[in-house]
Each structure stands twice: as C-alpha cells, then as structure tokens.
Amino acid sequence: MDRAVRRSSRKRVPAYNWNDMRLASMLALVTTLIALPALGSDADDALRDALRRFGQGHRPGAAAVVLRGGKVLAIGALGLADVEARRALLVDTPLHLASVGKQMTAVAVLKLVERGALRLDRPVAIVLPEFSGWGDAITIRHLLQHTSGLPDYYAHYEDDRNPPTNDDVLKLLARWRRLDFPPGTRHEYSNAGYDTLAAVIERVSHVSFGTFIDREILAPLGMRHTFAFDDTRRRRERAAKGYSREGGRFEIDDHSPLNLIHGSGSIYSSVADMGRYDAALFGERLLPKDLLAQMLTPARLKSGRKVGYGFGWEIGGGAVSHLSLIHISEPTRLRRISYAVFCLK
C-alpha cells in the first residue's frame, strides 16, 4: 500500500520516487490523453504510442482508459505488472487504487443515505458509540469532506507486528479522545475520516466493508477485477505489484502494516473496471442525481469559506479528480504502477 507516504495532510506527501524523465513521460501521456477526442478513429493508436513512451523496458507499466459520454474512446496497458516474473500489465490487471478508492467509500455511504439508513448531518456517535463524549460534534458529512478534526494515527501503527483493523482504529481513537480542531472549522486531508466511514458502513449494513462494496457497487456493474484488500484474492487475481525506484532500479515495495484497514485506500481495480465504474457513476446509474450533485459540491466551512473538495473528489477548474491530474474522472500516479481513467465531456 502507499498509505505510508500519505499522512494526515496533503502537504506532508513526499515526492514520488521517479526520475525526471519518467515524470516527463507521464506528462506526455496525459497530454496525449487530453487530445484524444480530436483524434477520432486514431485514438487507439495515439494511446498505444503514449503508453509505449511511458512503459518501455522491463519496468512497472502504465494503463489508461479514456471515456467520452460514458463510452470507451481508448483503452490500453503496457509494461509489467510483475517485474521479477516479467508478467505483462493488462487492462484487466487489478492495481492498488490507494486514496482514489475514497470516492467508492463515499458512494457506499450515499447508498445508505439513499435508502434512509443514514443522514449526512447525523452525528457519527449515534452509529459509533466509541465517539460519545469527545466526538459528538462530528457528522457523516464532516468525515466525507475531511473537516472532522480526527487525528492521524498511521505513524502509531508503522512498526506494528499485528496489522490493525478498523475495530483497532476505533479503540485507539476512543482511547485518545481528542480532535485536532473543532469539526467544520478546517479542511485537512484525513485518512482517519474515511477509515471511520468504513466502520460506519459495517455497523449500519451489518456486513463487512468489502461485502457491502461488492454487493452494492461492484457486482451490479460487472466489475469482476475489483475488490477491497484481501491477500488471497490479490494473489488469485494476479494484481500488479508495487515498486519503488532505488538507485536506478525498481525494488519491490508491496506491503504495508495498514493493509487490513479499509475505507481510505484498500480498493484494487483495473482500468477496464474503472471505466465501467466511471460511466455508471456519471451516468447516474449508481446514485440518483441529487446525491451525485451533493458528492460533487465543494465543502463549506463554518466560516463560510468554500473548500475545493466534495465527497472523495477534488473539485475546481472545471474538473473533478483525485490528486488533481485531469478532467472529470479519477486519475492518479502511484509510486509503483501508473494508471488513469479519463472522462472527457
């Protein structure tokens, strides 16, 4: 997992361990993808050329899918999913979405809102009694918008020999009984908030986070290569491995003591599946129009100041994204395998 590189604030994320030429290749890929709608029937060839520049050689590869109006305009993958075994990266190969999966957690929450099992402005303590007496002012909306004030706890678990679960996280927060700021007064990127949302989903639905995501989102859309972290499933699906660049070579970097914590970054998916997901989400087949609109509405603090973040999405400049890469859908560049989903109007 890449959660170790992302703590409680976006400002603390270190630079990815890729060289300048690699970054330049990524930017060339992005530039090509933006231009694809004008290329018509040549879009597939243009995408292949872009991926070839980015993913040549025996190194972690790249994958991308571009949609327009819910239809796939181009899709492709190049390079390796497993450098040691020289196994190719395919469009159906699961990749670790990391924080990009937050908006799937948000969709799951909104599914419960749609059926009346949750309310966005309901105090979390009503669902999670572990928050009573210290986190009573935190609402579901605060968690979704990174305005809850929950403290970061990832450093606490860095050297833990027993991988923590969401239940362990709730016990730790209840023991700390503190907030970094009053809910709704600041916006600070919070993995803790989305891990808490996964616990909310489990308490309300009475099934595991992974089961709920599969039942409500993945199975109905035919996303057969998408799942919440499960080591057996990850091996069976032959998911892409993670790497860091060390001294001119790629070193395996595919484990985290936080793998069993769900909500903030435990989803694996392929670019083909993410294309299906994007088309369904923006085609209003996953959520009704009013809830999708709320998901894409910028947060507003108690001071009245707007924040360019909705429910799992960065919002601004005519785009919704994660890690601010491109237009209307969910792109990211991990320190390991790169992928992107682009939805162009």
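Reading guide: rules and limits
Residues numbered from 1 in each chain as written. Predicted model: local features only at pLDDT ≥ 70, side-chain atom pairs only at ≥ 80, totals over all residues. Heavy atoms only, no water. Phe/Tyr/Trp six-rings, centres within 6.5 Å; stacked < 30°, edge-to-face > 60°. Buried < 20%, exposed > 50% of the residue type's maximum accessible area, 1.4 Å probe, protein only. Helix = DSSP H or I, 4+ residues; strand = E, 2+ residues; numbered from the N terminus. Contact = heavy atoms within 4.5 Å. Polar contact = N/O pair within 3.5 Å; in protein donor to acceptor, adjacent residues only side chain to side chain. Expected span 1.5 Å × (residues − 1).

1. Section: the packing of aromatic side chains
Inspection of every chain in the model, using the stated rule, returns six aromatic pairs. Their ring planes at 20° and their centres at 4.9 Å tell us that F131 and W134 sit as a pair that is stacked. Each member of the pair, F131 as well as W134, carries the same accessibility label: buried. When the centroid spacing of 5.7 Å and the interplanar angle of 75° are considered together, the rings of F282 and W313 count as edge-to-face. Here W313 lies in the loop between strand 11 (306–307) and strand 12 (314–316) and F282 lies in helix 11 (residues 271–282), a separation of 31 residues in the sequence. A relative accessible area of 24% places F282 in the partly exposed class. For W313, a relative accessible area of 1% gives the class buried.

2. Considerations on the environment of P151
By secondary structure assignment, the location of P151 is in the loop between helix 5 (140–144) and helix 6 (154–157). Apart from the residues lying within four places of it in its own chain, the contact partners of P151 are L173, W176, R178, L179, D180 and A192.

3. Comments concerning the side chain of S256
Inspection of the secondary structure puts S256 in the loop between strand 8 (249–252) and strand 9 (267–269). Judged by relative accessible area, which is 4%, S256 ranks as buried. A polar side-chain atom of S256 sits 3.0 Å from the main-chain amide nitrogen of L258.

4. Side note on helix 8 (residues 191–205)
Between its first and last C-alpha atoms helix 8 spans 21 Å; for 15 residues at 1.5 Å apiece the expected length is 21 Å, and the two agree. Helix 8 sits mainly inside the fold: 12 of its 15 residues count as buried. Taken as a whole, helix 8 has its buried residues at N191, A192, G193, Y194, D195, T196, L197, A198, A199, V200, I201 and S205. Tucked inside the fold, the buried residues of helix 8 contact helix 3 (102–114), helix 4 (124–127), helix 5, helix 6, helix 7 (166–176) and helix 9 (209–221). Structurally, the start of helix 8 carries an N-cap: the backbone nitrogen of A192 is 3.4 Å from a side-chain oxygen of S190. Trailing helix 8 by a residue or two, H206 shows a phi angle of about 65°, which is positive.

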